[in-house]
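Reading the structure
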Amino acid sequence: MAQSKYTAIEKNHPETSTAQSAVLGLQHLLAMYAGAVAVPLLIGTGLNFNTEQMTYLISIDIFMCGVATLLQLTVNKFFGIGLPVVLGCAIQAVAPLIMIGTDKGVGAIYGSIIAAGIFIVLISGVFSKIKVLFPPLVTGTVITVIGLTLIPVAVEKMGGGLASDPTFGSADNLLLAFTTIALIVIVQVWGRGFIRSISVLVGLAGGTALAAVLGMVDLQPIGEATWFHFPQPFYFGTPTFDVSSIILMIIISIVSMVESTGVYFALGDITGKHVGEQELKKGYRAEGLAVILGGIFNTFPYTGFSQNVGLVQLSGIKTRKPIYFSAFFLIILGLLPKFGAAAQIIPEPVLGGGMLVMFGMVAVQGMKMLSKVNFQNDKNLLIIAVSIGFGLGFNMMPELFAKMPETITMFTGNGIVMSSLSAIVLNFLFNGVKSEDSQTEE
């Protein structure tokens with residue numbers, strides 16, 4: 001029943017051939033690849049993993065991103081939201097997991113992840129009932145902040161990576177970044193049909209080609225990667241279940257669910273699909289199952305990737321077919337590390353240019369959702385102002401809370417978390433849970 005409903009809605013969207021869908025799927029893969037591998041790279045480096053462990057960590061991460069995405073794409077009566085959503089490792093889990101691994105050991109990391117996944121599945125029904133806490137006023141604000149807080153990440157990559165790098169902001173790096181942006185804009189404005197829908201892929205390919213001419217493409221990752229890799233349960237040993245670690249990871253998982261909720265509503269708004277209590281419940285369940293599998297196969301918690309929201313908006317292709325290809329590509333790349341490593345040759349400035357456009361589109365999508373809000377109501381203006389202020393301000397200056405306990409600074413330094421919490425709480429206090437009419441334009 002649910003499957004036919006989604007299929008019927010998707011028939012109203014532009015049709016793509018199998019080959020075109022495959023290329024669009026590749027574009028989604030490239031858009032999320034840097035963010036997907038960032039989590040295992042950061043955590044593995046923070047825990048001083050050796051080369052062999054890092055290779056496993058990155059490969060299994062790519063593989064499980066594909067599996068997690070398939071769980072969300074597959075609609076049945078138990079799980080799957082059925083939106084063109086790509087799942088990847090939650091970046092907000094990095095600091096807590098490094099802290100758990102350092103203090104309690106690697107086993108505690110995966111014990112806490114498995115427990116958090118079970119918790120998500122168990123509360124999915126209850127959490128879906130609080131949809132009233134996420135009207136356009138809240139979700140639009142959160143999506144806007146997600147895009148705006150991620151733009152500095154893109155700008156840093158445009159310069160070549162870390163600002164402390166001697167080559168940061170070099171003429172070559174800036175040339176690559178702005179060439180990538182220019183190609184995306186040119187194809188998006190003057191391209192037609194299918195070519196227009198893959199503007200980001202064209203920009204990344206063109207930027208990488210220019211980088212190759214400038215001698216800035218490093219093929220070493222491909223040479224060092226093995227040909228085949230198979231997922232291995234409990235690769236890092238038996239999980240341990242530490243109560244404090246589990247509580248911390250449950251809190252992080254709730255934050256991820258809030259972020260995913262914003263992604264689901266944004267995609268529902270773009271594709272014209274209703275996202276109600278049942279859809280949310282099955283979406284959360286799929287996310288919980290993915291987190292449990294992540295703990296078993298020694299990867300990390302998952303959440304909906306916001307950069308792919310911008311890509312759906314840019315391409316105009318709003319069906320799940322390209323995302324199925326993206327999921328299968330991720331699984332294949334996870335099994336074949338040498339081919340998966342090919343995506344790592346895209347230079348940082350090229351990725352930064354593409355990310356700038358996509359994150360900007362995420363922010364615009366949030367603004368579009370906010371256009372439904374009644375701005376004649378001063379309370380609504382205040383909610384948005386404070387939430388955006390918290391989101392951007394605390395994200396830019398996390399040192400403001402440096403004297404607070406680490407469990408507090410872990411959240412105050414995350415702009416998306418602070419924006420989400422402030423928007424939800426202030427909206428509840430000022431508008432209640434049954435006053436959506438007062439928030440939207442008449």
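Residues numbered from 1 in each chain as written. Predicted model: local features only at pLDDT ≥ 70, side-chain atom pairs only at ≥ 80, totals over all residues. Heavy atoms only, no water.

You'll find the protein entered in an unreviewed UniProt entry as Purine permease, with Enterococcus larvae given as the organism. According to UniProt, the comment filed for the protein under the heading Subcellular location (unreviewed entry) is "Cell membrane". Here the protein is described in UniProt, under the heading Sequence similarities (unreviewed entry), as follows: "Belongs to the nucleobase:cation symporter-2 (NCS2) (TC 2.A.40) family." (UniProt positions renumbered as here; feature names shortened; annotations may be inferred.)

**As for the pattern of salt bridges**
Scanning all chains against the criterion turns up three salt bridges. Taking the shortest distance from any N to any O, the salt bridge between Lys157 and Glu348 comes out at 3.1 Å. Remark: Glu348 occurs in helix H16 (residues 348-370) and Lys157 occurs in helix H6 (residues 136-158); sequence separation between them is 191 residues. What makes Lys157 buried here is its relative accessible area of 18%. For the salt bridge of Lys372 with Asp269, the shortest nitrogen-to-oxygen distance reads 2.6 Å. Remark: Asp269 occurs in helix H11 (residues 243-271) and Lys372 occurs in the loop between H16 and helix H17 (378-396); sequence separation between them is 103 residues. Judged by relative accessible area, which is 39%, Lys372 ranks as partly exposed. (Salt bridge = Lys/Arg side-chain N within 4 Å of Asp/Glu carboxyl O. Helix = DSSP H or I, 4+ residues; strand = E, 2+ residues; numbered from the N terminus. Buried < 20%, exposed > 50% of the residue type's maximum accessible area, 1.4 Å probe, protein only.)

**Focus: the side chain of Ser59**
Here Ser59 is to be found in helix H3 (residues 51-73). The residues contacting Ser59, other than those within four sequence positions of it, are His229, Gly334 and Pro337. (Contact = heavy atoms within 4.5 Å.)

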